[in-house]
Amino acid sequence: MSIIILSACIIFLVLQITWFKINPFIAFIITSLLAGLLLGLPIITLTQTVQKGLGDMLGSIALIIIFGTCIGKLTVFSGAASVIAKTVMEWTGEKYVRLGLMITGFIVGIPLFYSVGFILLVPLIFSVANQFKLPKVYIGIPMLASLSVAHGFLPPHPSPMALSNTLSADIGLVLTYGIIVSIPTILIAGLLFSNTLKNIKSNDKNTIVPTEEPTNQATKPSFFTSIASSLFPVFGLTITSLLPLVWKNEQVELLCKTIGEPSIIMLISLIICTYTLGFRTGKNMKTIMDKYAVAIKDVALIVLIIGGAGSLKEVMMVSGVSQTIVESLIQIDIHPYLLAWLIAALIRICVGSATAAGLMTAGVLVPLLQLKSLDPNLLVLSIGAGSLMCSHVNDPGFWMFKEYFGTSMKDTIKSWTVMESLVSVLGIIFIFILNIFIH
């Protein structure tokens, strides 16, 4: 009965977001309270349970997401992102222009939120398309596949960060495994698949041509400074996760555990970027802090939505429905990673939001962690892969692609929707392959 109640509540959550157009954060809180009442939690403690879930979730990841957003904002404002993009394009040249765009999308996509990366890099796609007289969709899909994979698989993006926290995964290993899975995924779903899109035309009259934020060319950071500063969180998380495995020393392990705490790594990264991408490029403290304030406002709603998902998770844990779920799921003859992927994919198709799909799925699957054979890091990636499935008309990313590239509805589905679906399917396939090698 408790599973039926929970299923009904999740359906109600989906309907609130899709049909009634209720803000996802408010929908999560309403659903959490309703689920708690229907599952028999005492009214006197229900509010405290919801507040505890929200606080526990935000307490562990709010700083990481906010620091990451500020780094991304400064990466764009300082011109570091455009320096990285132009340098990579110079290296690859006309012959490998799509490979260059794909690499650029992957590098720039790690520190930037998807929508920011999209708006930042679309002018580069259009510029290259006009320079080499190539179809925009044909050369744009590899870069957008890279951005999408980074958004779904790699910390410090909100969904992988929240999933790692919820499922008690090691963020450094999630990042390392995510990069391993991402590379073949974007090569196939981006580079190879785009070969089938040469005949898709963009209607230049309908195309939105975005503009980059003006930055004095003389004050832009060097390529090395840009890459080292913007990707310092990646380097830091990876090194502090892998070093103790290679160097068996108690002091080294303690140091890596302390410095490798994601919020500490992100704070160190923010301080470094404030100097290298801020002060060294001629910007004063007030200008930098104003940009950080804008960045925090942009991400505030995402942080609250993640907190709302934490409330629903806490209600499930306290009510005991989580234990009931694990007892039922163990009896289903399907691999847990595939189950996680399927649930996330179904919710993504219904809701349209990859982040919301991932968070809803994680709340349901927390009990699976009781299975000793389950790797929580790969479970995070399985949910991330499922959450990218079949982007269509209820996903803002679908409309961003359609309007920016000036494609018809049919061509948007043939290019964007198919690419996202390929990323999702290939992602879960390579997760299973990786699982064979590491376990």
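Rules behind the numbers
Residues numbered from 1 in each chain as written. Predicted model: local features only at pLDDT ≥ 70, side-chain atom pairs only at ≥ 80, totals over all residues. Heavy atoms only, no water. Patch = residues over 30% accessible without salt bridge, like charges linked within 9 Å, V, L, I, M, F, W, Y side chains within 5 Å. Areas by Shrake-Rupley, 256 points an atom, 1.4 Å probe, with all protein chains shown as cover. Salt bridge = Lys/Arg side-chain N within 4 Å of Asp/Glu carboxyl O. Helix = DSSP H or I, 4+ residues; strand = E, 2+ residues; numbered from the N terminus. Buried < 20%, exposed > 50% of the residue type's maximum accessible area, 1.4 Å probe, protein only. Core = buried A, V, L, I, M, F, W, Y, C linked by side-chain atoms within 4.5 Å. Polar contact = N/O pair within 3.5 Å; in protein donor to acceptor, adjacent residues only side chain to side chain. Disulfide = S-S within 2.5 Å. Expected span 1.5 Å × (residues − 1). Axes fitted to C-alpha atoms, helices over the stretch in contact; angles between N-to-C directions. Parallel < 35°, antiparallel > 145°, perpendicular 65-115°, else oblique. Left-handed = near helix turned anticlockwise from the far one by under 90°. Contact = heavy atoms within 4.5 Å.

Digging into a nonpolar patch on the surface
On the surface, Phe235, Ile239, Leu242, Leu243, Leu245, Val246 and Trp247 cluster together into a nonpolar patch covering about 690 Å² of accessible area. With respect to the helices and strands, the residue Leu242 is situated in helix α11 (residues 232-246).

Thoughts on the environment of Ser408
Tracing the backbone shows Ser408 in the loop between α19 (396-405) and α20 (409-438). Between the C-alpha atoms of Ser408 and Asn203, which are 205 residues apart in sequence, the distance is 8.3 Å.

Section: unusual backbone geometry
With a phi angle near 60°, Lys21 is a residue other than glycine that sits in the positive phi range. Turning to its location among the elements, Lys21 is positioned in the loop between α1 (2-18) and α2 (24-38). You can call Lys21 exposed: its relative accessible area is 63%. The residue Lys133 is not glycine, and still its phi comes out positive at about 55°. Mapped onto the elements, Lys133 comes out in the loop between α6 (114-132) and α7 (136-153).

Digging into the environment of Ile44
Counting through the fold element by element, Ile44 comes out in helix α3 (residues 43-77). Using a relative accessible area of 67% as the deciding quantity, one classes Ile44 as exposed. The spatial distance from the C-alpha of Ile44 to the C-alpha of Ile139 is 58 Å, given a sequence separation of 95 residues.

Brief notes about the pattern of salt bridges
This model, assessed by the stated rule, comprises seven salt bridges. Between Asp395 and Arg348 there is a salt bridge, with its nearest N and O atoms 3.2 Å apart. Within this pair, whereas Asp395 is found in the loop between α18 (376-386) and α19, its partner Arg348 is found in helix α16 (residues 336-351), the two being separated by 47 residues in sequence. When sorted by exposure, Asp395 lands in the same class as Arg348, which is buried. A salt bridge links Glu420 to Arg348, with the nearest nitrogen and oxygen atoms 3.2 Å apart. Remark: Arg348 occurs in helix α16 and Glu420 occurs in helix α20; sequence separation between them is 72 residues. The class for Glu420 is buried, based on a relative accessible area of 3%. Take Arg348: its relative accessible area is 3%, and that puts it in the buried class. Through salt bridges with shared partners, one network takes in Lys52, Asp56 and Glu314.

Topic: the nonpolar core
In a soluble, globular protein the nonpolar side chains are often hidden away together inside. Core analysis: the largest hydrophobic core is formed by 142 residues, its most contacted members being Leu144, Met360, Ile383 and Phe405. Ranked by residue count, the leading element in this core is α3, at 14 residues.

Here's the deal with the side chain of Ser229
Along the polypeptide, Ser229 turns up in helix α10 (residues 223-230). Taking the relative accessible area as the measure of exposure, Ser229 reaches 4% and is therefore buried. Looking at Ser229, its side chain comes within polar contact range of the main-chain oxygen of Thr225, at 2.7 Å. Among the polar contacts made by the side chain of Ser229, one reaches the side chain of Thr276 at a distance of 2.7 Å.

So, the state of the cysteines
Should the sulfur atoms of two cysteines be covalently bonded, the bond is a disulfide. Inspection of the entire model under this criterion finds zero disulfides. The cysteine Cys273 is free of any disulfide, with Cys70 supplying the nearest cysteine sulfur at 10 Å. Since its relative accessible area comes to 0%, Cys273 is described here as buried.

Some thoughts on helix α5 (residues 97-109)
Helix length check: α5, at 13 residues, gives a terminal C-alpha distance of 18 Å against a target of 18 Å (1.5 Å per residue), a fit within 8%. Counted residue by residue, α5 has eleven buried out of 13 residues, so it is predominantly covered. Along α5, the residues classified as buried are Val97, Arg98, Gly100, Leu101, Met102, Thr104, Gly105, Phe106, Ile107, Val108 and Gly109.

Observations concerning the packing of α5 against α7
As a packed pair, α5 and α7 sit with axes 8 Å apart at the nearest point and diverge in direction by 25°. As summarised for this structure, α5 and α7 are arranged roughly parallel, according to the angle between their axes. The two elements α5 and α7 meet at a crossing, and its hand is right-handed. Residues Arg98, Leu101, Met102, Thr104, Gly105, Phe106 and Gly109 of α5 pack against Tyr138, Ile139, Pro142, Met143, Ser146, Leu147 and Ala150 of α7.

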